[in-house]
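# Close look at the chain arrangement
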Amino acid sequence: MFFLFGLTTREQLQFTGQSSCRYCGQFAPQQVVQRKTKLSVFFIPLLTLRRTRLQRCTRCGGTSRISGSEQRALASAAF
Ligand SMILES: [Zn+2]
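None of the values given here were measured: they were computed from a predicted structure. (Residues numbered from 1 in each chain as written. Predicted model: local features only at pLDDT ≥ 70, side-chain atom pairs only at ≥ 80, totals over all residues. Heavy atoms only, no water.)

## Overview of the sheet that holds strand 3 (residues 44-57)
- The strand order 1-2-3-4 describes an open sheet built from four strands, whose pairing is antiparallel. Across the chains shown, the open sheet's two edge strands, defined by having one partner strand only, are strand 1 (5-20) and strand 4 (63-66). Neighbour-to-neighbour, the strand axes of this sheet turn through a mean angle of 30°, independent of strand direction.
- By the bridge criterion, 15 bridges tie strand 1 to strand 2 (residues 27-41) in an arrangement that is antiparallel. Looking across to strand 2, one finds that Gln 18 is bridged to Pro 29.
- Its contacts with the sheet place helix 1 (residues 68-76) against strand 1, strand 2, strand 3 and strand 4, and it is angled at close to 45° to strand 1. (Pairing = 2+ DSSP bridges. Helix = DSSP H or I, 4+ residues; strand = E, 2+ residues; numbered from the N terminus. Axes fitted to C-alpha atoms, helices over the stretch in contact; angles between N-to-C directions. Contact = heavy atoms within 4.5 Å.)

Now the structure itself:
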(Lines give C-alpha, C1' and ligand atoms only; values in the text may rest on other atoms or scores of the structure.)
Protein backbone atom coordinates (compact mmCIF):
# COMPACT_ATOMS: atom_id res chain seq x y z
CA MET A 1 0.00 0.00 0.00
CA PHE A 2 1.12 3.53 -0.70
CA PHE A 3 -0.14 6.58 1.22
CA LEU A 4 0.82 10.18 0.65
CA PHE A 5 0.60 12.28 3.86
CA GLY A 6 1.24 15.95 4.34
CA LEU A 7 0.63 19.00 6.52
CA THR A 8 -1.03 22.14 5.19
CA THR A 9 -1.12 25.45 7.06
CA ARG A 10 -3.65 28.08 6.03
CA GLU A 11 -4.40 31.52 7.43
CA GLN A 12 -7.80 33.18 7.25
CA LEU A 13 -8.53 36.81 8.18
CA GLN A 14 -11.41 36.87 10.68
CA PHE A 15 -11.89 40.62 11.20
CA THR A 16 -10.03 43.86 11.88
CA GLY A 17 -10.44 45.65 15.21
CA GLN A 18 -9.02 48.77 16.83
CA SER A 19 -6.61 48.19 19.70
CA SER A 20 -3.23 49.22 20.97
CA CYS A 21 -0.29 47.18 19.68
CA ARG A 22 1.94 45.18 22.06
CA TYR A 23 5.02 45.96 19.98
CA CYS A 24 4.82 49.55 18.73
CA GLY A 25 2.39 50.76 21.43
CA GLN A 26 0.26 52.70 18.92
CA PHE A 27 -3.54 52.56 18.72
CA ALA A 28 -3.90 51.00 15.27
CA PRO A 29 -6.10 48.50 13.39
CA GLN A 30 -5.31 44.94 14.47
CA GLN A 31 -6.09 42.00 12.21
CA VAL A 32 -7.30 38.79 13.87
CA VAL A 33 -6.16 35.79 11.84
CA GLN A 34 -7.04 32.15 12.40
CA ARG A 35 -4.26 29.72 11.45
CA LYS A 36 -5.15 26.06 10.89
CA THR A 37 -2.75 23.18 10.37
CA LYS A 38 -4.43 20.22 8.68
CA LEU A 39 -3.33 16.66 8.00
CA SER A 40 -3.91 15.75 4.38
CA VAL A 41 -3.91 12.38 2.67
CA PHE A 42 -3.41 12.39 -1.11
CA PHE A 43 -3.65 16.23 -0.98
CA ILE A 44 -7.14 16.09 0.60
CA PRO A 45 -7.28 17.90 4.00
CA LEU A 46 -8.89 15.56 6.55
CA LEU A 47 -8.07 16.51 10.16
CA THR A 48 -7.39 19.84 11.82
CA LEU A 49 -4.35 19.25 14.03
CA ARG A 50 -3.77 22.76 15.34
CA ARG A 51 -5.86 25.94 15.45
CA THR A 52 -4.36 29.21 16.67
CA ARG A 53 -5.59 32.80 16.78
CA LEU A 54 -3.15 35.56 15.90
CA GLN A 55 -3.28 39.31 16.31
CA ARG A 56 -1.33 41.20 13.63
CA CYS A 57 -0.68 44.92 13.76
CA THR A 58 -1.32 46.69 10.45
CA ARG A 59 1.15 49.43 11.38
CA CYS A 60 4.29 47.49 12.34
CA GLY A 61 3.38 43.90 11.41
CA GLY A 62 4.00 42.57 14.93
CA THR A 63 2.22 39.23 15.37
CA SER A 64 1.31 37.51 18.63
CA ARG A 65 -0.90 34.62 19.69
CA ILE A 66 -4.14 35.60 21.46
CA SER A 67 -6.74 33.71 23.49
CA GLY A 68 -10.45 33.41 22.78
CA SER A 69 -11.36 36.09 25.33
CA GLU A 70 -8.84 38.50 23.76
CA GLN A 71 -10.40 37.76 20.34
CA ARG A 72 -13.88 38.55 21.69
CA ALA A 73 -12.59 41.82 23.21
CA LEU A 74 -11.15 42.80 19.82
CA ALA A 75 -14.38 41.77 18.06
CA SER A 76 -16.34 44.21 20.20
CA ALA A 77 -14.06 46.96 18.87
CA ALA A 78 -14.34 45.76 15.24
CA PHE A 79 -15.61 48.02 12.52
ZN1 LIG B 1 2.31 47.67 15.99
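## Here's the deal with helix 1
- All of the buried residues in helix 1 are Gly 68, Gln 71 and Leu 74. For helix 1, the angular spread of the buried residues around the axis is 120°, confining them to a single face. Across from the buried face of helix 1, at angles greater than 90 degrees, the exposed residues are Arg 72 and Ser 76.
- Tucked inside the fold, the buried residues of helix 1 contact strand 1, strand 2, strand 3 and strand 4. (Buried < 20%, exposed > 50% of the residue type's maximum accessible area, 1.4 Å probe, protein only. Arc of directions from axis to C-beta.)

## What about the coordination of the zinc ion?
- Here the zinc ion is held by Cys 21 (SG), Cys 24 (SG), Cys 57 (SG) and Cys 60 (SG), and the distances to it run 2.3 to 2.4 Å.
- With four donor atoms in place around the zinc ion and angles of 103 to 119° between them, the coordination shape is tetrahedral.
- All donors of the zinc ion come from a single chain, and their spacing in sequence reads C-x2-C-x32-C-x2-C. Here Cys 57 lies in strand 3 and Cys 21 lies in the loop between strand 1 and strand 2, a separation of 36 residues in the sequence. Residue Cys 21 shares its accessibility class with Cys 57, and that shared class is buried. (Donors = N, O, S within 2.8 Å, 3.2 Å for Na, K, Ca; no water. Tetrahedral: all angles 85-135°; square planar, octahedral: opposite > 155°, others 65-115°.)

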